[in-house]
Amino acid sequence: RSLLFTASWCGPCQPLKTREFPAMRRTGWRISERDDGHIQIIDVGDDPDPGDGIEKLPTFIVVDANGRELARHVGFLDSWGLKRLWDHARQSGNDR
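The notes below deal with the structure included here.

1. Looking at the packing of aromatic side chains
- For the structure on display, the rule yields one aromatic pair.
- Where W29 meets W86, the ring centres are 5.3 Å apart and the plane angle is 70°; that geometry is what we call edge-to-face. In this pair, W29 is assigned in the loop between α1 (14-26) and β2 (31-32) and W86 in helix α2 (residues 79-94), connecting sequence segments 57 residues apart. In this structure, W29 and W86 share a single accessibility class: buried.

2. Some details on unusual backbone geometry
- With an omega of -10°, the peptide bond between L57 and P58 qualifies as cis.
- Secondary-structure assignment places P58 in the loop between β3 (39-43) and β4 (59-63).

What counts as what
- Residues numbered from 1 in each chain as written.
- Predicted model: local features only at pLDDT ≥ 70, side-chain atom pairs only at ≥ 80, totals over all residues.
- Heavy atoms only, no water.
- Phe/Tyr/Trp six-rings, centres within 6.5 Å; stacked < 30°, edge-to-face > 60°.
- Helix = DSSP H or I, 4+ residues; strand = E, 2+ residues; numbered from the N terminus.
- Buried < 20%, exposed > 50% of the residue type's maximum accessible area, 1.4 Å probe, protein only.

Listed below in structure tokens is the structure:
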């Protein structure tokens, strides 16, 4: 699954929520604040240091079933970019 660290005050995060995620949901992606979907949204609120090495928002982290990080991207990604990140992470996870 992919973890998305975001915040309501994050400018680059807003197009993800308003434009990219609705398009992705229409193609079967499960996106929620729970950990049972393809993308888990983690709102850091006003916390300037949310941990996990998060320095800028948005940050995507793709993890395997054991929580091991497979890939990371900092900054905006459209739905195609996120799919490429996801595919790359899955491939590198299979290489381990």
